[in-house]
Amino acid sequence: MIPYPNWLDAGDNAWQLVAATLVGLMSIPGIAILYGGLVQRKWVVNTMFMAFTGFSLVLVGWVLWEFKMGFGEPLNSDWPGILGAFVGRPGTIVGSASEQAQAYIPLVNGNDLMPSFRFPQSTLAYFHFAFAAITPLLFMGSVVGRMNIRAWLLFVPLWSTLVYTVNAFLLWGGGWWAAKGALDYSGGYVIHLAAGTSGFVAAAVIGPRLARDRAHGVPNNLPMVAVGAGILWLGWNGFNGGDMYFGGHNAAAAVLNTNLCTAVALLTWVVWDMFAGPQRKPTFLGSVNGMIVGLVAITPAAGFVTGIGAIYIGIIASSLVWLAWNYLSKVPPFNKVDDALGVVYTHGIAGLAGGMLVGIFADPAMAVYLNKDGSTAWSTSGWLYGNLDQLWKQAGAAGTVIVYDAVMTFLILRAIGLFVKLRAPDEVLEGGDLAVHDEEAYPAETAVTGLAPEPVAAAAVAQKAPEKEPAGDTDSG
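Predicted model, so just to flag it, every value in this text is computed and none were measured.

The rules behind these values
Residues numbered from 1 in each chain as written. Predicted model: local features only at pLDDT ≥ 70, side-chain atom pairs only at ≥ 80, totals over all residues. Heavy atoms only, no water. Helix = DSSP H or I, 4+ residues; strand = E, 2+ residues; numbered from the N terminus. Areas by Shrake-Rupley, 256 points an atom, 1.4 Å probe, with all protein chains shown as cover. Lys, Arg positive; Asp, Glu negative; His and termini not counted. Charge placed at Lys NZ, Arg CZ, Asp CG, Glu CD. pLDDT = per-residue confidence, 0-100. Contact = heavy atoms within 4.5 Å. Axes fitted to C-alpha atoms, helices over the stretch in contact; angles between N-to-C directions. Parallel < 35°, antiparallel > 145°, perpendicular 65-115°, else oblique. Left-handed = near helix turned anticlockwise from the far one by under 90°.

Colleague: Would you mind going over the overall build of the chain with me for this structure?
Modeller: Scanning the chain for helices and strands turns up 19 helices and two strands. Principal-axis analysis of the C-alpha atoms places the extent of the chain at approximately 115 × 55 × 50 Å. Just so you have it, the chain exposes about 20,800 Å², and 65% of that area is on carbon and sulfur atoms. In the chain, the 22 positive side-chain charges and the 30 negative ones have mean positions that sit 9 Å from each other.

Structure (structure tokens):
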């Protein structure tokens, strides 16, 4: 007997499963504790709850119908133009035949655009589930502190079905923009531009937090933020290192480029804060913003650029987002919308910047796939290497994602709003976690023990030395 079929490579399969797990850890606990540390203490439980339920909702829909919509056969290839390669036909992958068969993306493998996968369909499905799951969790940061939890539980599966699968099919599943040659190595558009766009629209439709909460939105736990940010940074090795689908040379380059760009972007943001920021001081939260911008901006480019390109992307993207964060946020429509954690900047604008910059810095010397003799079988090039057309392809794909995601997010929320209030009532927002979940992240000692506090004043009096009795009142017996 043999442990696995001859088409399966144990190394590729093991790396893909590890990479998927790293991406999953970015969601839970990564996003849960990163966002949980950033929000006010009265919203920590609600934020973590939204992360865990969102993750679970996507997984159920993903295996029952969504995976095939993102990576299957076109819904109807006879439809004209982009509609013929817009989204896949829904279908389940639950079953022995689907889960153990060799992984296959019809419009990609069938056209010899890449080597055959060397792992099963269940590995590919779980890997891409982790990407699908983190996307609504990212834009959760735009609406924390006021979204009705019932609306969230309806919104996530609808958005994942009607929006995320379309993004994935268009750029990864061999859809219209993939066929045109638009590049998105690991989700700068499919995930981050989508999260920034949908989060901003959702924040506008749902409405703002309480005015008092907006005015005093101080993070409740910076060490918690540090742990979440660290999980996000290192988890990104699975994000960009896994999206090559093979544990080879290009995956290794993508991991190195990811970390290099992130470090440069973090330091760039710190320099901007020190010399041009409101307080002229470096801040930890600023460094985390720079880190996230670097991770996001390198995502569409990780395996297509060299280390020099990664450095340029880190500097340019971090500078653009820093300027947007500090200046664009003060003008309409950005100053009119309560994007609680600034997702439109650190994910939306950063994803857009990274997607456009790959159209400039993509280096044809970076071999993505090889011929048997070791020569380059497939690579790509950007504007700096004579391919200005790539920049227009990147712009077209970005425009499609922005417009489609914004319109669909608006329509989905309006439809849900016919049945469920999108924004929790003000009296619930006043109470936060206790009002929504009857739980709190940092309960008072009395809530834990159920005992009344010791009367400190009385205890102090009891411990005082007795005063001398007045003369003449002493007992002479």
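Colleague: What is the right way to look at unusual backbone geometry in this model?
Modeller: The general pattern is negative phi for most residues beyond glycine and trans for most peptide bonds. The amide bond that connects Ile 28 to the next residue, Pro 29, takes the cis arrangement and shows omega of 15°. Inspection of the secondary structure assignment puts Pro 29 in helix H1 (residues 10-38). Following Pro 332, the chain continues to Pro 333 via a peptide bond in cis, the omega torsion being 0°. Here Pro 333 lies in the loop between helix H13 (307-326) and helix H14 (343-361). Residue Tyr 245 is not a glycine yet carries a positive backbone phi of 75°. When you line up the elements, Tyr 245 lands in the loop between helix H10 (222-242) and helix H11 (249-276). A positive phi angle is found at Arg 280, which is not glycine, with a value near 55°. Mapped onto the elements, Arg 280 comes out in the loop between H11 and helix H12 (284-298).

Colleague: Teacher, can you tell me more about the confidence of the model for the chain here?
Modeller: Caution applies to low-pLDDT parts of the model: their predicted coordinates are not meant to be read in detail. Confidence in the prediction for the chain averages 91 pLDDT; 93% of positions are at 70 or higher. Looking at the elements of the chain, mean pLDDT is at its lowest for helix H19 (residues 456-463), recorded as 41, and at its highest for H13, recorded as 98. Counted against residues more than four places away or in other chains, residues 455-477, with its pLDDT under 50, gives two contacts.

Colleague: Hey, could you run me through the packing of H14 against helix H15 (residues 389-417) in this one?
Modeller: Here H14 crosses H15 at 160°, and the two axes come no closer than 7 Å. Here H15 runs roughly antiparallel to H14, going by the angle between their axes. For H14 against H15, the interelement crossing comes out right-handed. The residues of H15 that touch H14, namely those facing Leu 352, Gly 355, Met 356, Val 358, Gly 359 and Ile 360, are Gln 390, Leu 391, Gln 394, Ala 395 and Ala 398.

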